[in-house]
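Read off the chains here:
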Amino acid sequence: MNNPTALITGASRGLGRALAAGLAREGFDLIIDARDAAALDAAAGALRPAGRLVTAISGDVTDPMHRSALVDAAGGRLDLLVNNAGTLGASPLPALADYPVAELRAAFEANVIAPIALTQLALPLLRASGGAVLNITSDAAVEAYAGWGGYGAAKAALEQASNVLAAEELAVRVWWADPGDLRTDMHQAAFPGEDISDRPSPASVVPAFVRLVTERLPSGRYRASHLLPVTS
Ligand SMILES: NC(=O)c1ccc[n+]([C@@H]2O[C@H](COP(=O)([O-])OP(=O)(O)OC[C@H]3O[C@@H](n4cnc5c(N)ncnc54)[C@H](OP(=O)(O)O)[C@@H]3O)[C@@H](O)[C@H]2O)c1
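What comes next concerns the included structure. Throughout this document, residue positions are counted from 1 along each chain, in the order its sequence is written. Predicted model: local features are reported for residues with pLDDT of at least 70 only, side-chain atom pairs are reported and counted for 80 or more only, and whole-chain, interface and lining totals are derived from all residues. As a rule here, side-chain values come from all non-hydrogen atoms in the structure, and water together with hydrogens is ignored.

Quick notes on helix H7 (residues 206–214)
Next up, step 1: For every residue, the accessible area (1.4 Å probe, protein chains only) is compared with the maximum for its type, and the residue is labelled buried under 20%, exposed over 50%, or partly exposed between those bounds. Strands are runs of DSSP state E lasting at least 2 residues, helices are runs of H or I lasting at least 4, and numbering of each runs from the N terminus. Among the residues of H7, those classed as buried are Val206, Ala208, Phe209, Val210, Leu212 and Val213.
Next up, step 2: Here a residue-residue contact requires only that any non-hydrogen atoms of the pair lie within 4.5 Å. For H7, the secondary structure elements touched by its buried residues are helix H1 (14–25), strand S4 (80–83), strand S5 (132–136), strand S6 (173–178), strand S7 (220–223) and helix H8 (224–227).
Next up, step 3: Positive phi shows up at Arg216, right after H7, with a value of about 45 degrees.

Brief notes about the layout of surface pockets
In this approach, a probe sized like a water molecule rolls over the atoms, and the result shows the empty space that is left.
Next up, step 1: Counted as a void, the largest pocket has a volume near 990 Å³.
Next up, step 2: Lining the largest pocket are 40 residues, with Asn84, Gly86, Thr87, Thr184 and Met186 sitting closest to its centre.
Next up, step 3: Breaking the lining of the largest pocket down by element, the ones donating at least two residues are H1, helix H4 (101–129), helix H5 (149–168) and helix H6 (185–190).
Next up, step 4: Amino acid classes used here: Ala, Val, Leu, Ile, Met, Phe, Trp, Tyr, Cys and Pro are nonpolar; Asp, Glu, Lys and Arg are charged; the rest, including Gly, are polar. When grouped by side-chain class, the residues that make up the lining of the largest pocket number 15 nonpolar, 15 polar and 10 charged. In this analysis a 1.4 Å probe is tested at points of a 1 Å grid over the protein atoms alone, and where it fits but cannot get out there is a cavity; an open set with protein on both sides within 12 Å along at least five of seven lines is a pocket; lining residues have an atom within 4 Å of a point. Grid points are joined across faces, edges and corners, and a volume is the space filled by probe spheres set on the points.

Some thoughts on the pairing of S4
Next up, step 1: Of the two faces of S4, the one holding Leu80 and Val82 and the one holding Leu81 and Asn83 are both buried throughout.
Next up, step 2: In this scheme, strands are said to pair when DSSP sees at least two bridges between them. Inspection of the sheet shows S4 paired to S5 by four bridges, in the parallel sense. Within S5, the residue paired with Leu80 across the bridge is Ala132.

Notes on the packing of H1 against H7
Next up, step 1: To obtain an axis, a line is fitted to C-alpha atoms, over the contacting stretch when the element is a helix, and the angle between two such axes runs from 0 to 180 degrees between their N-to-C directions. For the pair H1 and H7, interaxial distance at closest approach is 10 Å and the crossing angle is 50 degrees. Here H1 lies oblique to H7, going by the angle between them. Where H1 crosses over H7, the handedness of that crossing is right-handed. In this structure, H1 uses Leu15, Ala18, Leu19, Gly22, Leu23 and Arg25 to contact H7, whose residues at the interface are Val206, Phe209, Val210 and Val213. Roughly parallel means an angle under 35 degrees; roughly antiparallel, over 145; roughly perpendicular, 65 to 115; everything else is oblique. In this scheme the crossing of two helices becomes right-handed for a clockwise turn of the near helix relative to the far one and left-handed for an anticlockwise turn of less than a right angle.

With respect to the site of the ligand
Next up, step 1: When we say a residue is near a molecule or strand, we mean one of its heavy atoms is within 4 Å of it. Residues in contact with the ligand amount to 29 residues; listed here are only the nearest, Ser12, Arg35, Asn84, Tyr151 and Thr184.
Next up, step 2: Between Asp36 and the ligand, the recorded distance is 3.0 Å, taken from a backbone N or O atom to an oxygen atom.
Next up, step 3: Between Met186 and the ligand, the recorded distance is 3.4 Å, taken from a backbone N or O atom to an oxygen atom.
Next up, step 4: Only the protein chains shown count as cover for residues, and the accessible areas themselves come from Shrake-Rupley with a 1.4 Å probe. Here the ligand, which alone exposes 880 Å², has 95% of that area covered by the protein.
Next up, step 5: The leading source of residues in the shell around the ligand is H6, at three residues.
Next up, step 6: For the shell around the ligand, a count of residues per class yields 10 nonpolar, 11 polar and eight charged. Identification of polar contacts relies on pairs of N or O atoms within 3.5 Å, with a donor-acceptor requirement for protein atoms, meaning one able to donate a hydrogen and the other able to accept it, and with residues adjacent in sequence counted only if both atoms are side-chain atoms.

Looking at the nonpolar core
Next up, step 1: Nine residue types can take part in a nonpolar core, namely buried Ala, Val, Leu, Ile, Met, Phe, Trp, Tyr and Cys, and a core is a set of them joined through side-chain atoms within 4.5 Å. Core analysis: the biggest nonpolar cluster contains 36 residues, and Leu30, Ile32, Leu80 and Phe209 have the highest contact counts within it.
Next up, step 2: With residues up to four places along the chain from it excluded, the contact list for Leu80 reads Thr5, Ala6, Leu7, Leu23, Phe28, Leu126, Ala132, Leu134, Trp175 and Val213.
Next up, step 3: Leu7, Ala122, Val174 and Trp176 belong to the second-largest nonpolar core, a separate cluster that totals 19 residues.

Bear in mind that shape data such as this cannot, by itself, settle questions of function.
Pasting the structure below:
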């Protein structure tokens, strides 16, 4: 493959799908996943008119065999890994005092263990290409919002893993980034029954992430709102 290749997890909807479209416009071939095969195939079909190769592999990022299949699909060239797939955990959001431990463990598995494990598999290709890892985190990783302890603790763990990875992997850029509140299914699950139509669309923050990639900004923590042009 001659085009740069990006592997984006959780790209059937929401931020992952918007990022996939933005990276296709920048000339990336794509490898994308999600658990719901029909939704993933629909997203892949919509992405293909951008003229790029789109490989869709349905599966769960917490499954080691699925993670191997994703990296194998790169076929020897990978320039960017976007660990975007994640889970809110229990909804409605419970206080830590009442958080079901099995759901807490599942949130850490999807939001921390899976992205680290996928990064481990991808690193040889990313070192060879001088590539990059983009881990999607949240302001809940650094702010103490009541009810967000399970999700927030998992995102905080992903942030510190990213921080250490950046110190260890000097040939690879490592970015961990808070996209801000977005109008997505996950956000709706955090605010059940509430009108979230005032939240920005996922597409609105894509230029921020494209900047990270195209300008190859230094490894570190970013907020999408700080990377976007100021509008009056
Ligand atoms: N929306 C916000 O306001 C907001 C704010 C801060 C951070 N974030 C972060 O942004 C990222 C994207 O969130 P979003 O709001 O776009 O969520 P979303 O609309 O719920 O989309 C999540 C995507 O990930 C996939 N996915 C979920 N679990 C998966 C798994 N175990 N294996 C493979 N794919 C999986 C989903 O498809 P399937 O369900 O079919 O698997 C879907 O494609 C997440 O990391 C989230 O924590 C979002």
